[in-house]
Amino acid sequence: MESLYTTNLPQFAYTAEQVQNNEKQVAEQLGFDLSEVMQKAGAAVFQYIEHHYGNHRRLLILLGKGNNAGDGYIVAYLAQQNGYQVTLVSFVDVKSLHGDALGAYLQCQQAGLAVCQSNDLLLQELSAFDLVVDAMFGTGFKGELPEHFGQVCTLVNQHDNLPVISIDVPSGVNATSAAVANNAIKANVTITFIALKQGLLTGRALEHVGKLVFAGLALDELFRDKIKSNVTRFELSQLKKALPNRALAAYKNQLGHVLCIGGNKGMAGAIRLSAEAALRSGAGLVSVATHPDNCAAVLQGRYELMVHGIDAEHQLLALINKASVVVIGPGLGQDVWAQNIWQWMMNAQCLRLVIDADGLNFLAKSDKCTTDNLTERVLTPHAGEAARLLGISNRDVEQDRFDSALQLSQR
Ligand SMILES: NC(=O)C1=CN([C@@H]2O[C@H](COP(=O)(O)OP(=O)(O)OC[C@H]3O[C@@H](n4cnc5c(N)ncnc54)[C@H](OP(=O)(O)O)[C@@H]3O)[C@@H](O)[C@H]2O)[C@@H](O)CC1
Ligand SMILES: [K+]
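Residues numbered from 1 in each chain as written. Chains lettered and ligands numbered in written order. Predicted model: local features only at pLDDT ≥ 70, side-chain atom pairs only at ≥ 80, totals over all residues. Heavy atoms only, no water.

Time to look at the coordination of the potassium ion (ligand 2). At 2.6 to 3.0 Å from the potassium ion (ligand 2) lie its protein donor atoms, namely Asn68 (OD1), Asp134 (O), Phe137 (O), Ile167 (O) and Val169 (O). The sequence pattern describing where the donors of the potassium ion (ligand 2) fall on their chain is N-x65-D-x2-F-x29-I-x1-V. Of this pair, Asn68 sits in helix α3 (residues 67-81) while Asp134 sits in strand β5 (residues 131-135), and the two are 66 residues apart along the sequence. Asp134 gets classed as buried once you look at its relative accessible area, which sits at 0%. (Donors = N, O, S within 2.8 Å, 3.2 Å for Na, K, Ca; no water. Helix = DSSP H or I, 4+ residues; strand = E, 2+ residues; numbered from the N terminus. Buried < 20%, exposed > 50% of the residue type's maximum accessible area, 1.4 Å probe, protein only.)

Here is the structure:
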């Protein structure tokens, strides 16, 4: 039978809203209604279980009230038909189900599958199960988990040997922003449908998603062609392909010259690491401008580097003029030596500037990044540095990493 899922993930990612607003139209254009799409979603998850967890015969399926639960009911039905032992636990009164989720529930009911309430589960031993299927919340989730959901997720997360498969999105993760609610479920595998959701790709969400698997449900190609994505995902192999091929007769002066500025007293390691990374990524020439005390340490064992001790900022001029890209910040520090270099650099002209680490800390204190509008700038902040740059908390950044990145790019 043809595989209904793949571990080759699509390149473009979308918000939950983009998927919710467009899946119906895309499905209709292909001649499906959404209940058929739900059947396909359940079938893809069940096929994954059969292929990868086929000897895990006792399934616990956790269900909410939306269409994510609908997918869960379909998985339950297929598993029962194929001889699995299935326990269904709903966190809502099944009377509140409607639409396709209700249809999927009724299919289970007709097959004789009973649904228990979440409180019953808290009294039960989870060792009675081999695999958990998380169908509590999908793309419709926002905010924090209600307490009774959170309690069960915590219980499941504590069982290291109990694998969890999340349907579409791990419950408690916001599929758009990558914000993670307290006690969100930690999946071993998340099988996501139709289009990649951007919130599954970054930050703390990664700890909850586990291995990400994609099931296009026959809608993915049309969805991708119709809906413009704002988030592109790259794999290392693709980035490697983006590097130009070297001509056989190439020599170092044709392959770019990176200048790395940083490495204050006692912080030689940071600038050495960034210079070494530049060499490893294929730069033809790499120069380092560092504190005079560090020259020997930076050069040690890496004799391709050209290392310059900087006593006075104006010494940078000759180095910048030769560089095709400048990196500033690793191990730069915040003292007078560092401040003078930063100030001087903000008035200098260079084509491309990568700002990292202490460079970002200086940037957070200044209102503008270089007086030269022609400079291409790349910032590489972690969440704490991004928070300082935006004047918000780390938590605020983690609540929406995409929006934070967008705001930074617009400053
Ligand atoms: N359309 C289709 O047929 C297909 C859909 N598919 C599947 O459907 C999923 C999307 O379904 P969905 O839109 O029903 O959202 P879902 O995530 O199940 O639940 C949302 C419910 O949770 C509630 N809620 C939210 N946050 C909450 C909170 N903090 N605390 C408490 N409640 C909260 C929210 O309530 P509200 O806030 O809106 O009142 C709403 O009732 C998608 O991920 C995929 O698995 C696939 O099968 C393909 C075909
Ligand atoms: K889920």
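Text resumes after the structure shown.
Here the focus is the sheet that holds strand β8 (residues 196-197). Spatially, β8-β1-β10 is the arrangement adopted by the three strands of the open sheet, whose pairing is mixed. Looking at which strands have only one partner, the edges of the open sheet turn out to be β8 and β10 (231-232). With two bridges joining them, strand β1 (residues 12-14) and β10 adopt antiparallel strand pairing. When the sheet's bridge partners are listed, Ala13 is paired in β10 with Val231. (Pairing = 2+ DSSP bridges.)

Let us now look at the packing of helix α2 (residues 34-53) against helix α4 (residues 99-110). Packed helix pairs are specified by the crossing angle of their axes together with the interaxial distance, meaning the distance between the axes. Where α2 contacts α4, the axes come no closer than 10 Å and their chain directions differ by 55 degrees. On the basis of the axis angle, α2 is oblique to α4. You can see that α2 and α4 cross each other, and the crossing is right-handed. Residues Leu34, Ser35, Met38 and Gln39 of α2 pack against Asp100, Ala101, Ala104 and Gln107 of α4. (Axes fitted to C-alpha atoms, helices over the stretch in contact; angles between N-to-C directions. Parallel < 35°, antiparallel > 145°, perpendicular 65-115°, else oblique. Left-handed = near helix turned anticlockwise from the far one by under 90°. Contact = heavy atoms within 4.5 Å.)

Next up on the list: the site of ligand 1. Asp71, Gly138, Lys142, Glu144 and Asp168 are the nearest of the 21 residues found near ligand 1. With respect to ligand 1, the side chain of Asp71 contributes an N or O atom lying 2.4 Å from an oxygen atom. For the shell around ligand 1, the secondary-structure elements that each account for two or more residues are α1 (16-29), α2 and α3. When residues in the shell around ligand 1 are grouped by element, the largest group, four residues, is from α2. (Near = heavy atom within 4 Å. Polar contact = N/O pair within 3.5 Å; in protein donor to acceptor, adjacent residues only side chain to side chain.)

Accessible area lost on assembly of the parts is the figure often given for the size of an interface. Taken as a whole, the chain is organised into domain 1 (12-238) and domain 2 (250-380). With centres defined by C-alpha atoms, the gap from domain 1 to domain 2 works out at 47 Å. (Domains from an automatic or database assignment.)

Right, let's get into the UniProt feature "binding site: K(+)" (unreviewed entry) in the chain. Per the UniProt annotation, the sites labelled "binding site: K(+)" (unreviewed entry) are Asn68, Asp134 and Ser171. Spatially, the listed residues are clustered: although they cover 104 residues, their C-alpha atoms lie within 9.6 Å of one another. The contact partners of Asp134, leaving out residues within four places of it in the chain, are Leu62, Asn68, Val164, Ile165, Ser166, Ile167, Val169, Pro170, Ser171 and Ile185. Reaching out from Asp134, the side chain makes a polar contact with the backbone nitrogen of Met136 at a distance of 3.2 Å. (UniProt positions renumbered as here; feature names shortened; annotations may be inferred.)

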